[in-house]
Amino acid sequence: MDTSQKNLYFVNPIIDYIFIGGVSTLTFVLMMLFIGNNYEVATIMTIVASLSWVCNNPHFAATTYRLYKSKQNMMQFPFTSFVVPFIVIAGIGASLYFPETVAPFFIKFFFIWSPFHFSGQSFGISMVYAKRAGYKMSSFERESLKVFIYSSFIAILFKVDMHFAESEHYTLKYAALNIPDWSYFSVLTIMCISGLIVFYQAYRWSKKNKKLLPPIVLLPAITHIVWFIGGSQHISFDAFVPFFHSAQYLFIAWAMQMKDISNNESQLEKITIKKSFIQTLMWFSFNCLVGAFMFEGIPLLFPYFNTSPLIGFGIVIAGVQIHHFFVDGVIWKLKDQSKKSALVVHISEYINTSAKLPEVKI
Amino acid sequence: MKILILFLFFISSNSFSDSKEDHLVLQTNSGVIVIELDSEGTPEHFNQLTKLVELGIYNGTSFSYALENFYVQLGSESERKHVFYPTQRNAIKEMRNEITTFKHYRRSVTMPSSPDDTLKGGQFVFTIALDRLEELDEKQTIIGFVVKGMDVVDNISLGEKKNDKLNKPIIINYANIVTKDAALSIYDNYHNNFFFSDIALFNSIVFFFIIFIQISQFYLKNKIDKGLANAINLTVFLFSVFSFLVYLYPFAQKSVFLSLIFILLLLQSFKMLSTIEQSRGITKKLNH
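This one's a predicted model, so the numbers in the text were calculated from it and none came from an experiment. (Residues numbered from 1 in each chain as written. Chains lettered and ligands numbered in written order. Predicted model: local features only at pLDDT ≥ 70, side-chain atom pairs only at ≥ 80, totals over all residues.)

Further remarks concern the overall build of chain B. The helix and strand inventory of chain B stands at nine helices and nine strands. A total of 288 residues make up chain B; the buried ones form 32% of that total. Once local pairs closer than 6 in sequence are excluded, the contacts in chain B between residues at least 24 apart make up 75%. (Helix = DSSP H or I, 4+ residues; strand = E, 2+ residues; numbered from the N terminus. Buried ≥ 20, exposed ≤ 12 C-beta atoms within 10 Å, placed from the backbone. Contact = placed C-beta atoms within 7 Å.)

To continue, consider the overall build of chain A. Helix and strand counts for chain A come out as 13 helices and four strands. The 362 residues of chain A split such that 45% are buried. Within chain A, contacts between residues separated by at least 24 positions form 81% of all contacts whose residues are at least 6 apart in sequence.

With that out of the way, let us pick up the environment of A:L218. All names here are of chain A. Relative to the helices and strands, L218 is located in the loop between α8 (181-209) and α9 (219-233). Overall, L218 belongs to the buried group, with 22 C-beta atoms counted inside 10 Å. The spacing of L218 and I125 is 93 residues in sequence and 9.4 Å in space, taken between C-alpha atoms. Once you skip the residues sitting within four places of it in the chain, L218 turns out to touch S126, V198 and A202.

Our focus in this paragraph is unusual backbone geometry. What is expected of a backbone is that most residues other than glycine have negative phi and most peptide bonds are trans. Even without glycine at this site, A:K210 takes up a positive phi of about 55°. Along the chain, the position of A:K210 falls in the loop between α8 and α9. By the C-beta count within 10 Å, which is 6 here, A:K210 ends up exposed. Positive phi, close to 50°, is recorded for B:N163, a residue that is not glycine. By secondary structure assignment, the location of B:N163 is in the loop between β8 (161-162) and β9 (165-179). The class of B:N163 is exposed, set by 5 C-beta atoms lying within 10 Å.

Bringing the confidence of the model for chain B into the picture now. Residues and elements named next belong to chain B. Of all residues in chain B, 72% have pLDDT values of 70 or greater, and the mean over the chain is 76. Long-range and interchain partners of residues 115-121, a stretch whose pLDDT sits below 50, account for seven contacts in this model, where long-range means more than four residues apart. This complex was scored by the predictor with a pTM of 0.66 and an ipTM of 0.74. (pLDDT = per-residue confidence, 0-100.)

With that settled, the discussion passes to the interface of chain B and chain A. In this assembly, 39 residues from chain B lie in contact with 36 residues from chain A. Only α2 (43-54), β9, α6 (197-220), α7 (226-252), α8 (256-275) and α9 (282-287) of chain B provide two or more residues apiece to the side of chain B that touches chain A. Counting residues per element, the side of chain B that touches chain A draws most heavily on α8(B), at eight residues. Classifying every residue of the side of chain B that touches chain A by side-chain character gives 21 nonpolar, 13 polar and five charged. (Nonpolar A, V, L, I, M, F, W, Y, C, P; charged D, E, K, R; others polar.)

Right, let's talk about the packing of helix α5 (residues 78-97) of chain A against helix α6 (residues 102-132) of chain A for a bit. Residues and elements named next belong to chain A. Packing of α5 against α6 brings their axes to within 7 Å, and their N-to-C directions diverge by 135°. By the angle between their directions, the pair α5 and α6 is classed as oblique. The residues of α6 that touch α5, namely those facing G91, A94 and S95, are V102, A103 and F106. (Axes fitted to C-alpha atoms, helices over the stretch in contact; angles between N-to-C directions. Parallel < 35°, antiparallel > 145°, perpendicular 65-115°, else oblique.)

Across its 25 residues, helix α12 (residues 273-297) of chain A extends 34 Å between first and last C-alpha, which sits within 8% of the 36 Å expected from 1.5 Å per residue. Those residues of α12(A) lying buried are A:S276, A:W283, A:N287, A:G291, A:M294 and A:F295. (Expected span 1.5 Å × (residues − 1).)

The next thing to look at is the packing of α6(A) against helix α7 (residues 139-163) of chain A. Geometrically, a packed helix pair is captured by the angle between its two axes and the distance between the axes. All names here are of chain A. Remark: α6 packs on α7, axes separated minimally by 9 Å, with the N-to-C direction vectors making an angle of 160°. By the angle class used here, α6 and α7 are roughly antiparallel. You can see that α6 and α7 cross each other, and the crossing is right-handed. When α6 is examined against α7, the residues I112, P115, F116, F118, S119, S122, F123 and S126 are found in contact with a partner set consisting of L145, K146, I149, Y150, F153, I156 and L157. Grouping the amino acids of the contact of α6 with α7 by side-chain chemistry returns eleven nonpolar, three polar and one charged. (Left-handed = near helix turned anticlockwise from the far one by under 90°.)

Quick look at the pairing of strand β4 (residues 71-74) of chain B now. Residues and elements named next belong to chain B. By the alternation rule, side chains of β4 split into Y71 and Q73 and V72 and L74, which are all buried. Note that strand β3 (residues 62-67) and β4 share four bridges and pair antiparallel. Counted as the bridge partner of F63 is L74 from β4. Linkage of β3 to β4, two consecutive antiparallel strands, is achieved through a turn of three residues, within which N69 is found at a positive phi near 55°. By the bridge criterion, three bridges tie β4 to strand β6 (residues 127-129) in an arrangement that is antiparallel. Pairing of Q73 across the sheet is with T127, part of β6. (Pairing = 2+ DSSP bridges.)

Here we take up the pairing of strand β2 (residues 172-175) of chain A. Residue and element names in this part refer to chain A. When strand β1 (residues 166-169) meets β2, the two strands line up antiparallel, connected through four bridges. Across the sheet, E166 pairs through a bridge with A175, a residue of β2. Count of turn residues in the β1/β2 antiparallel hairpin: two residues, of which Y170 carries a positive phi of about 50°.

Residue and element names in this part refer to chain A. In this fold, V88 is placed in helix α5. When the C-alpha atoms of V88 and I322 are compared, they prove to be 7.3 Å apart, with 234 residues separating the residues in sequence. With residues up to four places along the chain from it excluded, the contact list for V88 reads G319, I322 and H323.

Residues and elements named next belong to chain A. Turning to its location among the elements, Y304 is positioned in the loop between α12 and α13 (309-331). For the pair Y304 and I92, spaced 212 residues apart in sequence, the C-alpha separation works out to 9.9 Å. Excluding residues that lie within four positions of it along the chain, Y304 makes contacts with L96, P309 and G312.

So, on to the confidence of the model for chain A. Do not read the predicted coordinates in detail wherever pLDDT is low. Residues and elements named next belong to chain A. Taken over all residues, the pLDDT of chain A has a mean of 85, while the share at 70 or more is 86%. The element-level mean pLDDT for chain A is lowest in strand β4 (residues 351-352), coming to 64, with α8 highest at 93. For the stretch residues 355-362, pLDDT sits under 50, and the model shows five contacts to residues farther than four places along the chain or on other chains.

So, about α2(B). Residue and element names in this part refer to chain B. Across its twelve residues, α2 extends 16 Å between first and last C-alpha, which sits within 8% of the 16 Å expected from 1.5 Å per residue. For α2, the set of buried residues is H45, F46, L49, L52 and V53. End-on view of α2: buried residues confined to an arc of 130°, all on one side of the axis. Of the exposed residues in α2, those oriented more than 90 degrees away from the buried face are P43, E44 and N47. Where the residues of α2 are buried, they touch β1 (21-28), β2 (32-37), α3 (86-91), β5 (108-111), β7 (141-148) and β9. Directly beyond the C-terminal end of α2, a positive phi value near 80° is found at G56. (Arc of directions from axis to C-beta.)

Below, the structure written as structure tokens:
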């Protein structure tokens, strides 16, 4: 791998492409070709629920861990660290106490913020790869990319509300907004136009620099469109979108975690592959356990007042996720004062990738 | 003294009977129906129904069948927009009859107990009689009686239908089992258009929270970080925005204009939420 490639990827082209969008795009294509639009809901939901234990839940835990793991991190964002949990608890409490008035709004709020949060991650990762590729975006280019990504979220938001008068979250009904048909098609048009601008700018950059803009720069944005616009066409695929989003996040979070370990290890030495493997396993297991607690344990801590246990559970886990959206808004801005941010360096700068793995004796 | 003891006994027994949660409240698209359940005469059905309600079986289930001046009946799982979760489906079981001395008059609520009954649909479906249904006496379990909202039931039976099947099923948005007082309160709130009673309380809490924060800040202004104070101010502002959005939400479901305003406000608040920490100076201090 040459230096420019090294700077471009977190690990290497294959691993980066897999996690950032390759697998999800491939899954979408395969599902479109071979699996019916509404393939055995129970089977799909069972697979998705199983995956959530090892991917979705750990991704929530990893975010929380990243903020709360040190006093320095918490003090950088004291409001999010100390005040936001109480705001979220207040929201959950109000929803449990007023299940007919506040809860539907709380759930609606959650379902609007959730795709907005997905969009934020896709945009952020695109910007990280653009920076790694040396693609300095003008504010116009950045705004075009932002509009391209965010308009797909608005489009899907409008589409859902246009088609369903009501939706359900753990049997709690929440009503759709009154969205006219034209608004959905208008947003789709905006998305297409901004998409064309984004690709034209990428073409211009390639022409100017006499080399192709690395596709991974635009992969998060394209993947995002596959998730949202593709997912809206294929219900079974749509169920997997949170899993892919979580995998994408965990990949980046893992790189940042390894960088932190390297910082703690020594200012000069890199960590060995063996140690990175053990640390990865520990970090992953820890996140699986905390994630399980967040989604299975925390709901048990709340009194359900006027709601049924199922609705109460749905409200609490929506709250847990809303807290995640808050935390996710700041963890990318955490300042690593000793070294360069893990978002812009290759793992070989902190893991000794040239060393061979020790032989395993059986 | 005896009178006092008797009085206390009366009070306690009265409050005990009132605190029993045996009223099923069905909040439908067309209004609220309150059913008093026969918890003593049909204990097995009562316990099973309580379990089903807690699992949310009836939320989203609709009244799909009706015959004018005869009956109104819930639809089965296949008539729901969303299928049941496995935990919900597993909870539905066949029940043996619990025949009491009650007869099937208007207002009686019946649960078919045998799979080969004419009123099929699984053991969560029930029927509300609009007239005397003599042929069901001592054959099917009467689980309770409609005590409020019979006009809603009558209206459901008048809907357009084809072969007893309603063209537009009336969906139960939310079902719960509460005390008599709570049930009547829900019914009164709905039918007196006192829809915002809960919202009003919520908003009052927010209002007092705003005052509390402002007073705290007034006294602590020299002691807390300026940036943190700004963040708190912004939070208070956001609280009031969200409080306003809670108000707006029911209206936004009816008006295109308000729905777009609603989304714009929400997106703006997300943007503010994501920049809430940027207004404080602590990061600067740390970095320096």
